[in-house]
Amino acid sequence: MTSAPRAVPAGVNSWNAAFLDDQYARYQADPMSVAPDVRAFFQGFELAAAGGAAPTRASASGQHAGGSSSFQHAVDDLVTSYRRLGHVHAKLDPFGRAPREQREELALAYHGLTEADLDRPVHVTVGTREGATLREVIAHLEKTYCSSVGVEFTHISSREEREWFLKNYEQVGGRIPLSAAHQRRVMEQLLSAESFERFLQKRYPGDKRFSLEGAESLIPSLNNLLERATELGVQEAVIGMAHRGRLNVLINIMGKTYEQVFTEFEDNWEKGFADGGGDVKYHRGYSGEREFANGKRLHLAMASNPSHLESVGPVVLGRCRAKQRLRNDMERVRTIPVLIHGDAAVAGQGVVAECLNFSQLEGYRVGGCVHVVVNNQIGFTTVPEDARSSRYCTDVAKMIEAPIFHVNAEDPEAVVAASRLAIEFRQQFRKDVFIDLVCYRKYGHNEQDEQTFTQPVLAGLIKNQPSTLTSYAARLRDAGVITEADLSAVMSRIDEQLDKAQQSAKAKPNTPTIDPGGKRWAGIVGEYSFKNVDTGVSKERLAEVAAALGRTPEGMNVNPKLKPLLKSRGEIPTAPGVVVGHADAEMLAIGTLLLDGIPVRLSGQDCRRGTFSQRHAVLRDFVSGEPYNSLNQMREIGVPGVKELEPGTKASDGRTRQAKFCVYDSPLSEEGVLGFDYGYSLADPNMLVMWEGQFGDFFNGAQVVVDQYLASSEIKWHRWSGLVMLLPHGYEGAGPEHSSARLERFLELCADENMEVVMPSTGAQMFHLLRRVVARNFRKPLIVMTPKSMLRVPTSSASELLSGTRFQEIIDDASAERKGIKRVVLCSGKIYHELAERRALLSKKDVALVRVEQLYPLHTDLLKKILASYGKGAEIVWCQEEPRNAGAWRHMALTVKETLGIDLAYIGRDASASPAVGSKTKHKYEQEAILTAAVGAKPKKDEGAKNGQAGGVGAGSPASRVSGKPGVKA
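Since the structure is predicted, the reported quantities are computational estimates derived from the model, not experimental observations. (Residues numbered from 1 in each chain as written. Predicted model: local features only at pLDDT ≥ 70, side-chain atom pairs only at ≥ 80, totals over all residues. Heavy atoms only, no water.)

## Thoughts on the overall build of the chain
Note the cut-off: Labels follow the DSSP assignment, with helices taken as runs of H or I lasting at least four residues and strands as runs of E lasting at least two, numbered in each case from the N terminus. The criterion used for residue contact is that any of the two residues' heavy atoms lie within 4.5 Å. Surface accessibility follows the Shrake-Rupley procedure with a 1.4 Å probe radius. Residue values consider only the protein chains on display as shielding.
Counting its secondary structure elements, the chain contains 29 helices and 25 strands. Looking at the chain alone, contacts between residues at least 24 apart form 78% of all its contacts between residues at least 6 apart. For the chain, the exposed area adds up to about 38800 Å²; of that, 50% sits on carbon and sulfur atoms.

Written out as structure tokens, the structure is:
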């Protein structure tokens, strides 16, 4: 097995072996395709290899020298041209139009050959007989590379992979012989696809369904791909696709019943559906078992997805990766991903390139994805000339040297051959492979769209085009494979099944969704609860993890700057009075979960070290650069998918096996990586899956995943996820970028207890928060605003992590004397520590600080109880460092008013179109004004005189952008 090319270091004169191999392959195919200096190098190389005699090529005039060696060389060049450019001449257009251009490289004259040479024997191996004539060789090459399939593989630098195509594709002429029984199955698959669409158009003419008509060959393509996959050891496939043809695939591939689909059309399947959530039928996923004609079974899972087309790609890849781990499929051959794209989307959506970039990365590879492009030759109303700059919509595949099969969907047997060869290549080389299914779209973007407005010529061609089934059935009748009676019998049977299923659905609805609480999710429920969960651990367990964090292998050269950190972590909790910060507590939480048998995945940019140099989950030898993950060295690591070796089972040393900490630095991608980790979280509720933004606002690049998946997947698709998003957030004068993780955006998306939004103020809270995710009997996405400047600041004693302790949704002010309190300041996150410091500085006894750690779902019963303890005379205010139109202010003001009847006052920055100011000085003034308005001004001796500030902030200063309650000077 070979892998896709990877980044390689420069060699002598910047020419390394991989580069030379690649360039020489290109030079042999076409000398003019390489740079002049490279061409000169290889000409000299060949001259030396020939003992000083220059190799003979066709002359510029088109005449070869006449000798047998020069003739054979010209023939070799012609064969190479067919392999490299035959796809340009392939008959891919479903309407039979001629190729757009004729390449001279495929003409005899270009290589110095004439028709007089056609009957001369040649010495090439292209699937023809020994000593075949040039005429026979060209006929075979035309059939192989220029008929209904055009294949691109010569851009691949791996010789082994190119030779695979010569053996498995070229030698058989690009076709796989089908038995009569197999041909009849293909015909019936086409008939099932067409009959289903025809039935829906007749019975539900006003409903959108995003018909597959014009691309019915997708059904035999997927059927044969998956059937062949079962013969190659595949046990499960995870599928993703947009809405075009989705209902047909659900029925004819996934095994969803007619009754379930018709129930959705009848819209009578769920009590109170109109008042609840749900989604349109062409966005829903499904899963089930399929048995194929070969008798083998395959588990299929199709991911739900929105109309944000390619966003489902990383979700599918992440889900597949998790399933591979659960099966202990480290060779990545038993669980495969299949992505079905549209032609405009695969070229136009950047997340496709992000997913392709995953293909060979340690933390994200899945052993190759099979991509099937339903190439309607039009996107919405946009023609290819307006949709892309490349020749093919699949040219993006070349970035990872993936091979591409372009196939005319009007030739079902060519489609079958391409599909079977594609999965064989994937299994052999664990690489991505593309099938470009060139077809058309019978209707407009949907069944009510009038496509003659924008594509009148194409619409005319479609109107006169016989269906793929019609053409293929005629071909089989002419070959004696079927009779008209055979076709009529199958058609009548399918029509009868459709009619019967519709009547059944009308009489008794069939729930079209899958129970989310099945299999690995058994015991998990959908209802949210504030029920206390003890997430503390024993002192012995904490000490074991701490010791591992402080320990390094003998002989390892530790970075001198890290030695104090490792020493302090290693002493938790044995040293007296030790205090831990967020980063320490996070690592302790992860380590104790691993000892509990709970695996942990963390990915994101720089997350091994931590953007703020706080985590150091992976250490690097200061000399060799070798990595060391201390939390994977505590005990023997269990193997998921192997019953006797699972985490939690006893190892040879008598201790239970720990789970694995999978921590990866991600590529510079947000949508792709967050989508991947969300997909990963869908597969296993018993694993802590986390994504960390390099800065909190980096999630902006993944807003689609947040909006369409994390926030709404439960109510839309009945899918649960326990994904954790770690978003560094806090105002330290860093400017508009990287100050705010846009807390307000998440809170605006909150409803129906769909996710948790938390801003923990201490390390202990972080410890319990992470352990709580997998300790409860439900899963919700968890959004954590982590403090940037305080990640390494000690905030909790080790005793706050021990058994009997837990996460606190709201932390009351234990130091406040209830009777003397005049103001209760509600706050969250880092600002609490600044307020507490100011209060201590002023010895202020009449201000209480109450921390709202969990902003959603807000524990209103607990908040009501805490506020009631301060009496009715205390003023209740909300204080934040974010602008008024950001942060938690609007969420808290509305929620507290609606649930507790309290009008909160506001202290914080004025509303702003920008998250923060760009000046550190202005930031400092604003922050000071907030503290002054909430607690009181600094004593004059502590206030800098250089800016003329004495105590509070004067009107007209930068801090006049800070708002307080009317009557409170800010």
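## Details of the packing of helix H18 (residues 539-550) against helix H20 (residues 582-595)
Using the following cut-off: For every element, the axis is a line fit to its C-alpha atoms; helices are fit only across the contacting stretch, and the angle between N-to-C directions ranges from 0 to 180 degrees. By the definition adopted for this analysis, an angle is roughly parallel if under 35 degrees, roughly antiparallel if over 145, roughly perpendicular if from 65 to 115, and oblique otherwise. Two helices crossing with the near one rotated counterclockwise from the far one by less than a right angle form a left-handed crossing, whereas a clockwise rotation gives a right-handed crossing. Residues are sorted three ways: Asp, Glu, Lys and Arg are charged, Ala, Val, Leu, Ile, Met, Phe, Trp, Tyr, Cys and Pro are nonpolar, and all the rest, Gly among them, are polar.
Here H18 crosses H20 at 115°, and the two axes come no closer than 9 Å. It follows that H18 is roughly perpendicular to H20 by the angle criterion. Pair H18 / H20 crosses with right-handed handedness. Contacts between H18 and H20 involve Arg541, Leu542, Glu544, Val545, Ala546 and Leu549 on the former and, on the latter, Met587, Leu588, Gly591, Thr592 and Leu595. Tallied by class, the residues present in the contact of H18 with H20 amount to seven nonpolar, two polar and two charged.

## With respect to the side chain of Glu413
Cut-off, in case you're wondering: Relative accessibility thresholds used throughout: buried, under 20% of the residue-type maximum; exposed, over 50%; partly exposed, between the two (1.4 Å probe, protein chains only).
Positionally, Glu413 belongs in helix H14 (residues 412-429). Exposure remark for Glu413: the relative accessible area of 10% places this residue in the buried category. Look past the residues within four positions of Glu413 in its chain and what remains in contact with it is Arg175, Leu178, Gln183, Tyr472, Arg475 and Leu476.

## Concerning the sheet that holds strand E6 (residues 370-375)
To be explicit about the condition: For two strands to be treated as a pair, DSSP must find no fewer than two bridges joining them.
With mixed pairing, eight strands are arranged side by side in an open sheet as E1-E7-E8-E6-E5-E2-E4-E3. Both edges of this open sheet fall to strand E1 (149-152) and strand E3 (286-291), since each of them pairs with a single strand only. Sheet twist, expressed as the mean angle between neighbouring strand axes with direction ignored, is 20°.

## Notes on the environment of Cys369
Positionally, Cys369 belongs in the loop between helix H12 (350-357) and E6. Measuring from C-alpha to C-alpha, the distance between Cys369 and Phe434 comes to 8.5 Å, with 65 residues separating the pair along the chain.

## Structural notes on the sheet that holds strand E17 (residues 782-787)
Taken in spatial order, the seven strands of this open sheet run E13-E10-E14-E15-E17-E16-E22, and their pairing is mixed. Looking at strand neighbours, the two that pair on one side only are strand E13 (661-665) and strand E22 (854-856), the edges of this open sheet. Each strand axis lies, on average, 20° off the axis of its neighbour in the sheet, ignoring direction. Summarising the sheet, strand E16 (residues 756-758) and E22 pair through two bridges and their orientation is antiparallel. Across the sheet, Val757 pairs through a bridge with Tyr856, a residue of E22. Strand contacts of H20: strand E10 (600-604), E13, strand E14 (688-692), strand E15 (724-729) and E17, with the helix running at about 140° to E10, the strand carrying the most contacts.

## Brief notes about H12
Selection rule: For this quantity, the arc is that covered by the directions from the helix axis to the C-beta atoms.
Among all positions in H12, only Val351, Val352, Cys355 and Leu356 are buried. All buried residues of H12 project into a common sector of 145° when viewed along the axis, lining one side. Lining the buried residues of H12 we find helix H10 (312-326), helix H11 (343-348), E6, strand E8 (433-438) and helix H21 (671-683).

## Looking at the pattern of salt bridges
What counts is decided by this rule: Every case where a carboxyl oxygen of Asp or Glu lies within 4 Å of a side-chain nitrogen of Lys or Arg is listed as a salt bridge.
On inspection of all chains with the given rule, the structure shows 59 salt bridges. Residues Glu152 and Lys398 are paired through a salt bridge, measuring 2.7 Å at the closest nitrogen-oxygen approach. Linking Glu152 in strand E1 with Lys398 in the loop between helix H13 (384-387) and strand E7 (404-408), this pair joins segments that are 246 residues apart in sequence. What makes Glu152 buried here is its relative accessible area of 5%. Look at Lys398 and you get partly exposed, because its relative accessible area is 31%.

## Describing the side chain of Glu881
How we decide: Here a polar contact is taken to be a pair of N or O atoms separated by no more than 3.5 Å, where protein atoms must pair a possible hydrogen donor with a possible acceptor and residues adjacent in sequence count only if both atoms sit in side chains.
Locating Glu881 in the fold gives a position in strand E23 (residues 875-883). Residue Glu881 is classed as buried on the basis of its relative accessible area, which comes to 3%. A polar contact is formed between the side chain of Glu881 and the side chain of Gln927, at a distance of 2.8 Å.

## Quick look at the nonpolar core
The cut-off we apply is this: Think of a nonpolar core as a cluster: buried Ala, Val, Leu, Ile, Met, Phe, Trp, Tyr and Cys residues, connected wherever their side-chain atoms sit within 4.5 Å.
Grouped together as the largest cluster of nonpolar side chains are 98 residues, with contacts concentrated most on Leu226, Phe262 and Phe405. If one sorts the elements of this core by residue count, H14 sits on top with nine residues. In this view, Phe262 contacts Phe196, Phe199, Leu200, Tyr204, Leu498, Ala501, Gln502 and Ala505; residues no more than four positions away in its chain are not counted. Counting 74 residues, the second largest nonpolar core, distinct from the first, contains Val238, Val316, Phe746 and Leu900.

## What about the confidence of the model for the chain?
Inclusion rule: Confidence of the predictor in every single residue is expressed as pLDDT, which spans 0 to 100.
Averaged over all residues, the pLDDT of the chain equals 89, while 89% of them reach at least 70. This stretch, residues 943-961, has a pLDDT under 50; its non-local contacts, to residues over four places away or in other chains, come to 32 contacts. For residues 965-970, every residue scores under 50 in pLDDT, and the model assigns this stretch 13 contacts once sequence neighbours within four places are set aside.

## Examining the pairing of E17
Sheet faces and side chains relate simply in a regular strand, where the side chains alternate between the two faces. Threshold: Handedness rule for crossovers: strands pointing away from the viewer, path from the first strand over the helix to the second running clockwise, crossover right-handed.
The element E17 is largely enclosed, with a buried count of six among its six residues. Relative to E17, E16 runs parallel, the two being bridged by three bridges. Counted as the bridge partner of Glu756 is Leu782 from E17. Crossover E16 to E17 through helix H25 (residues 763-775) is right-handed.

## Considering the environment of Gly591
Note that Gly591 resides in helix H20. For Gly591, a relative accessible area of 0% gives the class buried. Spatially, the C-alpha atoms of Gly591 and Leu542 are 8.4 Å apart, while their sequence positions differ by 49 residues. In contact with Gly591, other than residues within four places in its own chain, are Val545, Leu631 and Met634.

## Some thoughts on the environment of Val578
Looking at the element boundaries, Val578 is found in the loop between helix H19 (563-570) and strand E9 (579-580). Separated by 220 residues in sequence, Val578 and Ala798 place their C-alpha atoms 6.4 Å apart. When near neighbours in sequence (up to four residues on either side) are disregarded, Val578 contacts Ile572, Pro573, Ser796, Ser797 and Ala798.

## What about the packing of aromatic side chains?
Test applied: Ring pairs shown here join Phe, Tyr and Trp side chains whose ring centres sit within 6.5 Å, with only the six-membered ring taken for Trp; geometry is labelled stacked below 30 degrees between planes, edge-to-face above 60, and tilted in between. A ring is considered to have a charge above it if a Lys NZ or an Arg CZ atom is located within 6 Å of its centre and within 35 degrees of its normal.
One pass over the full model with this rule turns up 29 aromatic pairs. Summarising the aromatic geometry, the rings of Trp164 and Phe429 are spaced 6.3 Å apart at their centres and angled 85° between planes, so their arrangement reads as edge-to-face. Of this pair, Trp164 sits in helix H5 (residues 159-170) while Phe429 sits in helix H14; the two residues are 265 residues apart in sequence, bridging distant segments of the chain. Grouping residues by exposure puts Trp164 and Phe429 together as buried. For the cation-ring pair, Arg290 lies above Phe292, with the distance from its terminal atom to the ring centre recorded as 4.3 Å. One Lys or Arg, Arg851, reaches over the ring of Tyr832 and ends 3.9 Å from the middle of that ring.

## Examining H18
Condition: Between the first and last residue of a helix there are one fewer steps than residues, each counted as 1.5 Å, and that sum is the expected span.
With twelve residues, H18 ought to run about 16 Å at 1.5 Å a step, and its terminal C-alpha atoms sit 16 Å apart, in line with that. Of the residues making up H18, those classed as buried are Leu542, Val545, Ala546, Ala548 and Leu549. Buried positions in H18, seen along its axis, are confined to an arc of 160° and lie on one side of it. At its buried positions, H18 is contacted by H19, H20 and H25.

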